[in-house]
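Now for the letters of each chain:
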Amino acid sequence: MVIGATGQIGRAAVDALARDGWEVTAASRGGGRDDGWPAQVRAVGLDRAQDTALAAAVGDGCDVLVDIVAYGAEHARQLTGLAGRVGSAVVISSVSVYEDDKGRGFDTQSEPDGFPEYPVPIPESRRTVRPGDGTYSTRKAALERNLLAAGDRLPTTLLRAGAVHGPYCRTPRELYFVKRNLDGRRRRVLAFGGQSRFHPASVHTVAELIRLAARRPGSRVLNACDPEAPTVAEIAAAIDTAMGVRAEDVLVDGPAPAPTVGDTPWTVPLPVVCDMRAAERELGYRPVVRYADTLPETIASIERRLAGRDWREAYPDMVRAYGDLFDYAAEDAWLAS
């Protein structure tokens, strides 16, 4: 069973598991299905917010439960309550749980000198934020802590995903460069010299790790990122190539020169790059996609969603996460100065 089956990771995971020979039940709030799934995939409705709904959907049990949308200690309790009916679990976490030696993590990055300084690449042994209910990161940490503590009853592979990308994303970072190209913007300002690196994770990469973990049950934590961690400038160039566009980078040393100028969804002052050797060692993982090769389907998905719509209407979660990404007036004023 895959929970969150019609989300961006879920769609790819269901497909990968079904093609690997599993009998898959795809559970989502709407009970829908993807046109690309094999016909034998069974789709069911499941409202995760209802505490007893998951247990009812699992019924007599399943060999593997894949949870894409687990979040916080309450979801961990739902999962561990199924011990004995579920053979093993694969659960999506996030690289945002990591903190540095000074106690800085993703939750402190907006503070002065608050961005974490991680060793690169970041190993799974890196310490994590204290579990709690306060933020996305602390709730993911609580999810992990509770599931690992129950590993003897429910073996669980936790996959710490990076900057997830692919079709059907509600917050596609690629929107930043795709829309600019569609709008005919041929100059773009990039902070930190365009060298920011925030490790991406393709839905195909995560789906492959889910497929492998399903075949090798265990209680473990693994990073889930692509084989490459391109810089912001390299990402922009790859999107340009995929769209047949030429654009000029205006590189700025240091942070964004103005509040809505030069700050992309990948922009970070220090690199966030994860170590994938544990997945290779424990699961036999080998890279299945390169970032540039995934872009055509991502761009096509964004273009379809933007067609005839204001970007704020098409991607409201992007507005909440990043604010005004396309303040062209402020950018033009800065460039003119």
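Heads up: the structure comes first, above all this text.
Source: prediction; values computed, not measured. Within any chain, residue numbers begin from 1 and follow the written order of that chain's sequence. Thresholds applied to this predicted model are a pLDDT of at least 70 for local features of residues and 80 or more for the giving and counting of side-chain atom pairs; totals over whole chains, interfaces and linings are not thresholded and use all residues. Each side-chain value is derived from all of the structure's non-hydrogen atoms; neither hydrogens nor water enter the calculation.

Caption draft 1: Here's a closer look at empty space enclosed by the protein. Any residue with an atom within 4 Å of a point lines the site, the site being either a cavity, points on a 1 Å grid over the protein atoms alone where a 1.4 Å probe fits but cannot get out, or a pocket, an open set with protein on both sides within 12 Å along at least 5 of 7 lines. Grid points are joined across faces, edges and corners, and a volume is the space filled by probe spheres set on the points. Enumeration over the complete set of coordinates arrives at one cavity of 30 Å³ or more. Size it by volume and the largest cavity reaches roughly 30 Å³. If you go around the largest cavity, the residues you meet are Y176, R180, T260, G262, L325, F326, D327, Y328 and E331. At the level of secondary structure, the elements contributing two or more residues to the lining of the largest cavity comprise α5 (175-182) and α12 (328-336). When residues are sorted by character, Ala, Val, Leu, Ile, Met, Phe, Trp, Tyr, Cys and Pro go into the nonpolar class, Asp, Glu, Lys and Arg into the charged class, and all the rest, Gly among them, into the polar class. Per-class residue counts for the lining of the largest cavity are four nonpolar, two polar and three charged. Put simply, DSSP marks the helices as runs of H or I at least four residues long and the strands as runs of E at least two long, and each gets a number from the N terminus on.

Caption draft 2: Seen up close, the side chain of R48. Mapped onto the secondary structure, R48 falls in the loop between β3 (42-45) and α2 (53-58). For the exposure calls, accessible area comes from a 1.4 Å probe over protein chains only, and a residue counts as buried if that area is under 20% of its type's maximum, exposed if over 50%, partly exposed in between. Given a relative accessible area of 9%, R48 falls into the buried group. Looking at R48, its side chain comes within polar contact range of the side chain of D67, at 2.7 Å. The contact definition used throughout considers only heavy atoms, calling two residues in contact when any of these lie within 4.5 Å. When sequence neighbours within four positions are dropped, the list of residues in contact with R48 reads I3, L54, D67, V69, A70, H75, Q78 and L79. We define a polar contact as two N or O atoms separated by no more than 3.5 Å, with the added condition that, inside protein, one atom must be a possible hydrogen donor and the other a possible acceptor, whereas residues neighbouring each other in sequence contribute only through side-chain atom pairs.

Caption draft 3: Spatial organisation of helix α9 (residues 291-306). Here α9 contains 16 residues, and its C-alpha end-to-end distance of 22 Å stays within 8% of the 22 Å for a straight helix at 1.5 Å per residue. The largest bend in α9 is about 30 degrees, located at E297. Within α9, burial applies to Y291, T294, L295, T298, I299, S301, I302 and L306. Looking at the buried residues of α9, the elements they touch are β7 (163-165), α5, β9 (200-202), α7 (232-243) and α10 (311-314). G308 lies just past α9 and shows a positive phi near 70 degrees. Here the expected span of a helix is defined as 1.5 Å times the quantity of residues minus one. We define the bend at each residue as the angle formed by axes fitted to the 7 residues ending at it and the 7 residues starting at it.

Caption draft 4: Layout of the packing of α7 against α9. Note on method: axes are straight lines fitted to C-alpha atoms, helices fitted across the in-contact stretch only, with angles between N-to-C directions ranging 0 to 180 degrees. Packing of α7 against α9 leaves a shortest axis separation of 9 Å and a crossing angle of 65 degrees. What the angle tells us is that α7 and α9 run roughly perpendicular. Relative to α9, the crossing made by α7 is right-handed. On α9, the residues that touch I235, A238, I239, A242 and M243 of α7 are Y291, A292, L295, I299 and E303. Here the contact of α7 with α9 is composed, by residue class, of nine nonpolar, no polar and one charged. Small angles under 35 degrees read as roughly parallel and large ones over 145 as roughly antiparallel, with 65 to 115 read as roughly perpendicular and the rest as oblique. Helix crossings are classified by the rotation of the near helix relative to the far one: an anticlockwise turn of less than a right angle makes the crossing left-handed, while a clockwise turn makes it right-handed.

Caption draft 5: Expanded view of the packing of aromatic side chains. Classification of ring pairs uses Phe, Tyr and Trp, with its six-membered ring standing for Trp, and accepts pairs whose centres are within 6.5 Å; under 30 degrees between planes counts as stacked, over 60 as edge-to-face, and the remaining range as tilted. All chains considered together, the criterion is met by eight aromatic pairs. Note on F106 and F198: the rings are 5.8 Å apart at their centroids and 40 degrees apart in plane angle, and the pair reads as tilted. With F106 in the loop between β5 (86-94) and α4 (136-149) and F198 in the loop between β8 (187-190) and β9, the pair connects residues that are 92 residues apart, well separated along the chain. Aromatic side chains W311 and F326 sit 5.0 Å apart centroid to centroid with 85 degrees between the ring planes, which places their arrangement in the edge-to-face category. Here F326 lies in the loop between α11 (316-322) and α12 and W311 lies in helix α10, a separation of 15 residues in the sequence.

Caption draft 6: Structural detail: the layout of surface pockets. Considering only enclosed or pocket space, the second largest pocket measures out at about 320 Å³ in volume. Of all the secondary structure elements, the ones that give two or more residues to the lining of the second largest pocket are α2 and β4 (62-67). In terms of residues, the lining of the second largest pocket owes the most to one element, β4, which gives four residues. Residues that form the lining of the second largest pocket fall into these classes: 11 nonpolar, three polar and three charged.

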